[in-house]
Amino acid sequence: MAKLPNPYRRLPGTGSGMFETVRLYQAADHLLQVSSSGYTETYRRFYFRDIQGFIVNESVKGRNWNGVWGILGAICAIAAIQVGGAAGIVWWGIAGIFLLLLIINIAGGPTCVCQIRTAVQTRPLPSLGRLRRAVKTIAQLRPHIEAAQGALPAEEITRRIDDARRGPASVFASPVSVSADPPAA
Amino acid sequence: MSSVAAVACPRCQNSLPGALCNTGAPVSCPACESTIMLTVFPALFKPAGPGAAAEAILEEGVSSCFYHEQKKAVAPCSACGRFLCALCDLDFNGRHLCPACLQTGKKKGQIQELENRRTIYDSAALSAALLPLLVWPVTLFTAPLAIFLAIRSFFCPSSVVPRTRIRAWVALVFGLLEVGGWAVAFIVMARGA
């Protein structure tokens with residue numbers, strides 16, 4: 001019997017949580033967030049028909065890491081200059097590692113917190129931790145979600161949001177709910 | 001309906017104008033000037049639908065629900081074929097399922113869409129084969145475990161996302177090499193004694 005092709009396609013980006021890595025996959029009708037602890041995988045599905053929106057907010061995490069790598073690199077470089085000789089070479093090597101991490105972090109671009117909103121939950125998507133990547137991935141997913149929900153003209157969306165703006169409730173103002181139990185698909 | 005569609009800046013919680021949504025690029029919040037990007041879809045404006053209510057049987061000869069005799073059947077279960085009323089008919093990706101089949105499917109892992117967790121035996125096997133090499137005497141116990149886990153991974157469902165069998169094969173090879181190494185060591189020791 002012919003083997004069925006796997007319906008999932010990996011989306012770029014890997015996020016990390018507490019002792020786990022998080023990746024995002026796209027299927028025909030849903031997004032799959034896979035949290036892997038090494039020996040187990042936990043799945044969370046977001047169906048295109050249920051997705052209400054994505055909220056991306058630039059964070060200072062990237063700048064903070066730049067500071068950390070920069071300071072550590074500078075300390076090691078100073079130590080290398082002070083010590084000199086064979087030990088100095090070791091310190092230069094360590095400083096080089098920190099410099100490399102700094103360059104990688106800068107090359108990744110600004111960081112962000114990306115959240116996905118459905119009617120029942122708002123979940124962070126740690127794999128979309130870079131602003132550039134988040135923008136690109138959302139643009140890539142948008143046609144699929146609109147195909148599942150039916151597209152609404154931009155003017156209509158603007159009008160409805162502006163109408164609601166005068167109302168009391170605000171859907172994206174609610175805090176992020178991180179439930180312990182994975183949701184049913 | 002419209003009240004739930006308001007969007008706010010995730011940082012300052014100020015309500016944002018509709019013109020800032022779906023721009024396709026990051027914009028600045030007019031209030032706190034943080035960089036944000038809001039993408040909304042029609043589901044945001046969809047009101048929560050009312051729950052299904054089963055219809056009572058009022059005439060003779062109408063099929064009744066398997067679980068509720070007094071209620072009119074609206075569809076058969078796609079898995080077990082039992083007639084279901086509107087209350088018991090669970091729409092699951094276009095399939096009609098009864099609560100019992102849905103629960104059974106979830107428990108036995110028959111419905112992949114309901115699976116929330118899987119054990120990845122090949123990764124465990126690889127760890128059991130390679131990590132103990134750092135403290136090599138431990139491999140006497142971990143090598144058979146690695147072989148067992150590697151073999152098990154061939155018969156158990158792996159990850160739902162694309163994944164090769166390379167980890168299991170590497171674990172199996174290393175596990176067998178370690179067992180072989182110990183066997184040779186014991187034989188040499190026995191002959192020496």
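This text goes with the structure placed above it.
First, a word on scope: everything that follows refers to the structure included in this document.

The rules behind each value
Residues numbered from 1 in each chain as written. Chains lettered and ligands numbered in written order. Predicted model: local features only at pLDDT ≥ 70, side-chain atom pairs only at ≥ 80, totals over all residues. Heavy atoms only, no water. Buried < 20%, exposed > 50% of the residue type's maximum accessible area, 1.4 Å probe, protein only. Helix = DSSP H or I, 4+ residues; strand = E, 2+ residues; numbered from the N terminus. Pairing = 2+ DSSP bridges. Contact = heavy atoms within 4.5 Å. Buried area = accessible area lost by both parts, 1.4 Å probe. Salt bridge = Lys/Arg side-chain N within 4 Å of Asp/Glu carboxyl O. Polar contact = N/O pair within 3.5 Å; in protein donor to acceptor, adjacent residues only side chain to side chain. Nonpolar A, V, L, I, M, F, W, Y, C, P; charged D, E, K, R; others polar.

Looking at the pairing of strand β4 (residues 40-47) of chain A
Okay, step 1: Judged by how many residues are buried, β4(A) sits mostly within the fold: 7 of 8 residues are covered.
Okay, step 2: Connecting strand β3 (residues 30-36) of chain A to the next strand, β4(A), in antiparallel fashion are 3 residues, including A:G38 with a positive phi near 110 degrees.
Okay, step 3: Examined bridge by bridge, β4(A) and strand β7 (residues 117-119) of chain B share 3 bridges and lie antiparallel to one another. If you follow A:T40 over to β7(B), its bridge partner there is B:T119.

Structural notes on the interface of chain B and chain A
Okay, step 1: In this assembly, 52 residues from chain B lie in contact with 51 residues from chain A.
Okay, step 2: Across the interface of chain B and chain A, roughly 4600 Å² is buried in total on both sides, 57% from carbon and sulfur atoms.
Okay, step 3: On the chain B side of the interface with chain A, the three residues burying the most area are B:M37, B:F41 and B:N116, jointly 15% of the side's total.
Okay, step 4: At the boundary of chain B and chain A, one finds 0 salt bridges.
Okay, step 5: Counting across the chain B and chain A interface gives 16 residue pairs in polar contact (both at pLDDT 80 or more).
Okay, step 6: For the side of chain B that touches chain A, the secondary structure elements donating two or more residues are β2 (35-40), β7 and α2 (121-130) of chain B.
Okay, step 7: With 6 residues, β2(B) is the largest single contributor of residues to the side of chain B that touches chain A.
Okay, step 8: In terms of residue class, the side of chain B that touches chain A is built from 28 nonpolar, 17 polar and 7 charged.
Okay, step 9: Where strand β5 (residues 51-58) of chain A and β2(B) come together, 5 bridges link them in antiparallel fashion. Bridging from a neighbouring strand, A:I55 pairs with B:L38 of β2(B).

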